[in-house]
Amino acid sequence: MKKLVSISLMFALMAIALLVNARTIVADIPAPPIIGSTIVDFTLPDTSGAAHTLASLKGKNGTVLIFIAVQCPVSNGYNERMEKLAQDYKARGINVIGINANSTESAADVKAHAASHNLTFPILKDEGNKVADMLGATRTPEAYFLDASNKLLYHGRIDNSRDITQVNSNELRDALEATLAGKPVPKTTASAFGCSIKRPE
Amino acid sequence: MIGSLVVMVSILLLTFSAAAQGKTKPKPRTTRAATSPAPVRAVNTAEMQALLKRDGSRPLLVNYWATWCDPCRDEFPELVKIDKDYRARGLDFIAITLDDLADIKTEVPKFLRLMNAQMPVYLLNVSDPEPVINSVDKDWGGALPATFLYNNHGEVVYKHFGRVKADELRAEIEKVMGPEKVMSNE
């Protein structure tokens, strides 16, 4: 009997050792919502500290949320393209909202950066990554396009290259155009390299 | 009963501790002498995917980085140390940079020299990064840095997005190397 208990214990210990060994993936950022799900309203402050809800900033035909950064060269490579996107679609009822979720960049940094790069669309400061976590955002720039009822239609890159001379696919604009034309979004997700969103340690 | 349990636990602990410390015959290092970094080679999607293939002999650590990425630069000294500590014990390590092709002979080697880096470094030169990102990992959106550890069969056993935690990564490397060696020596 004692022998049996010892053997059982040994197998149990081995199983625990194997399980510990088999633990593989560290997932510390929530997964993004699936395409088609509705994004719930949220409240974040702008760079002057005034609180805004998604409901108060959204466009009548849709909203583009873009996680951006002050120091990331990839995000900065898109400054002009993001501003042009905001200008091009404002009159067509789609609003662009920037979100800075980097713990290493203050509201004052974000405000100064927006002024020096002529970014006129609203930029919110996501202290604590509340919205970044809700949307599973990991990098800058990373875009989310919501329709008029906040349904997620597109998630991913703005286009295929941070070098504007190499751009040959415009997934975000394609999503906006398709939606404005009443058509389904042709490509609902697309990846690109970018800077990690700096979450607090 | 207690005596036999103590013996069993001791045997198990000794086995895993030996595995963790790598007290097994290491494979000889086959790379060049440690002086200056090897030239950085540009690769396309297919060539990069071929680099990740394993033949069953050695596990592989892969780090995706760029000189323009601050957390990538911050974590690089730790990765150089890890390369030095584990390569002789049987770990392959490649670093894949997402720098522009224009920087392959300037900014990239300059940084590698500064870091005293010896691991092979490749520059991914693609017009559309999506096929690579999707083929590497379905959960990866392309945020840099990103670090993946493969076992010797090419299966991802650990991944981390953002600045790596050196202690955590070392523990995972010990795990992927230790038990495999013990089993292969039996």
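Values in this document were obtained by computation on a predicted structure and should not be read as measured data.

## Some details on the overall build of chain B
For chain B, the count of helices and strands is 6 helices and 7 strands. Taking as baseline every contact in chain B between residues at least 6 positions apart, the subset at least 24 positions apart corresponds to 75%.

## Examining the pairing of strand β7 (residues 142-146) of chain A
Residue and element names in this part refer to chain A. Within β7, 5 of the 5 residues are buried, which leaves the element mostly enclosed by the surrounding structure. Side-chain alternation along β7 places Glu142, Tyr144 and Leu146 on one buried face and Ala143 and Phe145 on a second face that is also buried. As defined by bridge partners, strand β3 (residues 62-67) adjoins β7 across 5 bridges and the pair is classed as antiparallel. Following the sheet pairing, Val64 is matched in β7 by Phe145. Alignment of β7 against strand β8 (residues 152-156), held across 4 bridges, turns out to be antiparallel. The partner of Leu146 across the bridge, within β8, is Leu152.

## What about helix α7 (residues 171-180) of chain A?
Residues and elements named next belong to chain A. Listing the buried residues of α7 in full gives Glu171, Leu172, Ala175, Leu176 and Thr179. All buried residues of α7 lie within an arc of 140° about the axis, which places them on one face of the element. On its buried face, α7 sits against β3, α4 (79-90), β4 (94-100), β7, β8 and β9 (189-190). Phi for Gly182, located one or two positions after α7, is positive at around 75°.

## A closer look at helix α3 (residues 70-86) of chain B
Residues and elements named next belong to chain B. Over its 17 residues, α3 extends 25 Å from the first C-alpha to the last, a length consistent with the 24 Å expected when each residue adds 1.5 Å. At Phe76, α3 is deflected by roughly 40°, the largest bend along its length, and proline Pro77 occurs up to four residues later in sequence. For α3, every residue scored as buried is listed here: Cys72, Glu75, Phe76, Leu79, Ile82, Asp83 and Tyr86.

## What about the sheet that holds β4 of chain A?
The strand order across the open sheet built from 6 strands is β5-β4-β3-β7-β8-β9 (chain A), with neighbouring strands paired in mixed fashion. This sheet does not close on itself; its edge strands, each paired only once, are β5 (123-125) and β9 of chain A.

Cut-offs used in this document
- Residues numbered from 1 in each chain as written.
- Chains lettered and ligands numbered in written order.
- Predicted model: local features only at pLDDT ≥ 70, side-chain atom pairs only at ≥ 80, totals over all residues.
- Helix = DSSP H or I, 4+ residues; strand = E, 2+ residues; numbered from the N terminus.
- Contact = placed C-beta atoms within 7 Å.
- Buried ≥ 20, exposed ≤ 12 C-beta atoms within 10 Å, placed from the backbone.
- Pairing = 2+ DSSP bridges.
- Arc of directions from axis to C-beta.
- Expected span 1.5 Å × (residues − 1).
- Bend = angle between axes of the 7 residues up to and from the residue.

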